[in-house]
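Below are the chains, spelled out letter by letter.
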Amino acid sequence: MTRLELLAQRHWGPFLHMAGLATLPDPALRAADSFFGHVARYGLADPQPCDVAAWATAEGDDPADRIAQLSRAMTVCIPVFVGRVAEASALLPRAKVASPPEAAAPAASAPRDWDPIAPPSKRPARARRVSVQPWELPEEMQDTLRRMARGLPGNGVVVCPAILMRLREKLCQFAWSAARAGLPVALVEESVLRYQEDVTERSRDGKNGLRWATVRASIEEIGRYARYIGAPAAIRAILAADLAVLEGRERRQKALKHAALARTGNTTLSLLDQADNLLEGAETVSDAKKRHRMRNGACILGIYPVAPLRNASACLVFDETLFWRNDAWEIDTEIRKTLSFNPDPFVMTLQPQHGRFIDAVLLGDMPPRYLPQLREQALAARRQLFVLDDGTPAAPSYGPRIFKALTRNSFTTTRTMLHTDLSSNIGIAGREMAKAACHQTGDRIHTKYETDLVAKRAVARRQGTASVRRSSHGIGRTLDL
């Protein structure tokens, strides 16, 4: 459109007589024309700074430059509006400084033939108290770890990178225990028993006392190594028998996350109530940064208790793992259990009462009429769901960290909470619903919750019986004064 065609439009009629219009540069004139179109499209009788910011970010151009050009045009057309344009510039997200190439994160497709034994290249090796350094392991153990790192199977056992790191650390502990006791640093019965004794003793002295899950995890990795190298049948039998005993003790011991959940008393519904309160409270707070943090917190409590993702999958990104489909927000991602090679697909459509928390994060302080536009922008930009108050993406650990700060429970309790709530209220059907939501497929998960559920129901029965007994004796009745 030429300059004459632009000024011939109806909305330019009131401004054609103004001095200085003829000398306005084309970029300023076109910015004002675009803004007038925005005002007409949304029926804005009295545009506010947030309306100007919404217009500036609606297209792919530099928002700050669009604001500057509009300000120049308004100096001629509507001088009293220049102040609102200036206020709008403060509402724009800050520009992000690109990271230097050497600081860029490694590509997801990086080769897996890395050396798990090599010392750190950029900092001194961390001093170890109850384990040896990886490069101090016997040569055969080092060679085996390198084979695992290359993805090579051993006797049908394949070890993924995350498990390899855990296995390596357990081997370093095993070597320390054996050497300290003057035993061979090899899979012999005496060395295996000494390692189990040391791990048990350290767990007993920990802040949470003896946790059989810790001991079980250590023996499990030594057993994995034994299967990989094809250790003698006698050693593998000893490790398997020890592992079975430890698994039984672990099942009978109340999990830490169950105990922590009982201590706080959090439930799925109570967290959703807290999310509602945070969202409503954000409207009454004067500080913009605090409002932003409260909306983020409300969203974390509003979606993760019903979509209990694991830590590795909790960082949601628009148009990658979070989509607007059929007028609803849908999480479509992959669940990686300990970064396994074969992640499980996970798709959940959020009901409007939960999806509204995502909308609140997108809207911020903007009027609701801009929600469709902001959805489109977030999806087109593939931005993270959670950004900091300056517009920079939050760290992947942001969601789990804020969840713990708000609830005093770890992020992993969302699955426990959902199982407990649905099983208590619906029974077997609820348990199956929780399994689906928690992306769990095996039947062993049932036993982890049944004991706790029975205990809760027993307490409820005792409380009910005691209440009836007290009322039969007249205790607790209201006195007629």
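Residues numbered from 1 in each chain as written. Predicted model: local features only at pLDDT ≥ 70, side-chain atom pairs only at ≥ 80, totals over all residues. Heavy atoms only, no water.

Draft legend 1. The arrangement of the overall build of the chain in detail. Looking only at helices and strands, the chain has 19 helices and three strands in total. Per-residue burial over the chain gives 43% buried out of 481 residues. In the chain, the share of contacts with a sequence separation of at least 24, taken over all contacts with a separation of at least 6, comes to 62%. Split by element, the accessible area of the chain, about 26,300 Å² in all, is 55% carbon and sulfur. (Helix = DSSP H or I, 4+ residues; strand = E, 2+ residues; numbered from the N terminus. Buried < 20%, exposed > 50% of the residue type's maximum accessible area, 1.4 Å probe, protein only. Contact = heavy atoms within 4.5 Å. Areas by Shrake-Rupley, 256 points an atom, 1.4 Å probe, with all protein chains shown as cover.)

Draft legend 2. Representation of the packing of aromatic side chains in the model. The final tally for this structure, using the stated rule, is ten aromatic pairs. Taken together, a centroid distance of 5.7 Å and an interplanar angle of 35° make the contact between F35 and F81 tilted. Highlighted residues: F35 in helix α2 (residues 26-42) and F81 in the loop between α4 (63-77) and α5 (82-89), separated in sequence by 46 residues. Under the relative-accessibility criterion, F35 is labelled buried at 2%. For the ring pair W324 and W329, a centre distance of 5.1 Å and an interplane angle of 65° mean the geometry is edge-to-face. (Phe/Tyr/Trp six-rings, centres within 6.5 Å; stacked < 30°, edge-to-face > 60°.)

Draft legend 3. Broad picture of helix α14 (residues 352-363). In this model α14 runs 15 Å from its N-terminal to its C-terminal C-alpha over twelve residues, within 8% of the 16 Å that 1.5 Å per residue would give. Burial analysis of α14 places nine of its twelve residues in the buried class, the great majority of the element. Within α14, the full set of buried residues consists of H354, G355, F357, I358, D359, A360, V361, L362 and L363. Packing partners of the buried residues in α14 comprise α12 (268-282), α13 (288-303), β1 (322-325), β2 (328-335) and α15 (371-381). Positive backbone phi, approximately 60°, marks G364, located one or two places after α14. (Expected span 1.5 Å × (residues − 1).)

Draft legend 4. Summary view of the packing of α4 against α5. Two numbers describe how α4 lies on α5: the axes approach to 9 Å, and their chain directions differ by 170°. With respect to α5, the axis of α4 lies roughly antiparallel. Contacts from I67, L70, S71, M74 and T75 of α4 reach α5 at V82, V85, A88 and S89. Split into classes, the residues belonging to the contact of α4 with α5 amount to six nonpolar, three polar and no charged. (Axes fitted to C-alpha atoms, helices over the stretch in contact; angles between N-to-C directions. Parallel < 35°, antiparallel > 145°, perpendicular 65-115°, else oblique. Nonpolar A, V, L, I, M, F, W, Y, C, P; charged D, E, K, R; others polar.)

Draft legend 5. Summary view of the environment of R66. Its location among the elements puts R66 in helix α4. Each C-alpha atom of the pair R66 and R30 lies 9.6 Å from the other, and the pair is 36 residues apart in sequence. When neighbours within four sequence positions are excluded, R66 is seen to be in contact with A31, S34, W55, A56, A58, E59 and D61.

Draft legend 6. Focus on the pairing of β1. Relative to β2, β1 runs antiparallel, the two sharing four bridges. Residue pairing in the sheet places F323 in a bridge with E330 of β2. Counted between consecutive antiparallel strands, the loop separating β1 from β2 contains two residues, among which N326 sits at a positive phi close to 55°. (Pairing = 2+ DSSP bridges.)

Draft legend 7. Structural detail: the side chain of T321. Looking at the secondary structure, you find T321 in the loop between α13 and β1. Within the structure, the side chain of T321 is placed 2.9 Å from the backbone nitrogen of V317, a separation counted as a polar contact. Ignoring sequence-local partners within four residues, the contact set of T321 consists of C315, L316, E330, I331, D332 and T333. (Polar contact = N/O pair within 3.5 Å; in protein donor to acceptor, adjacent residues only side chain to side chain.)

Draft legend 8. How the structure looks around helix α7 (residues 161-180). Across its 20 residues, α7 extends 29 Å between first and last C-alpha, which sits within 8% of the 28 Å expected from 1.5 Å per residue. Along α7, the residues that are buried comprise I163, L164, L167, R168, K170, L171, C172, Q173, F174, A175, S177 and A178. Where the residues of α7 are buried, they touch α6 (139-149), α8 (189-204) and α9 (212-229). Once α7 ends, the next one or two residues include G182, with phi positive near 70°.

Draft legend 9. How the structure looks around the nonpolar core. Counting 39 residues, the largest nonpolar core has Y304, F318, I358 and L385 as its most contacted members. Those elements giving two or more residues to this core turn out to be α12, α13, β2, β3 (344-349), α14, α15 and α16 (398-407). The leading source of residues in this core is α13, at six residues. Discounting chain neighbours no more than four positions away, the residues touching Y304 are L309, A314, L316, F386, F411 and T414. Core analysis: the second largest hydrophobic core is formed by 35 residues, A31, F36, V39 and A73 among them. (Core = buried A, V, L, I, M, F, W, Y, C linked by side-chain atoms within 4.5 Å.)

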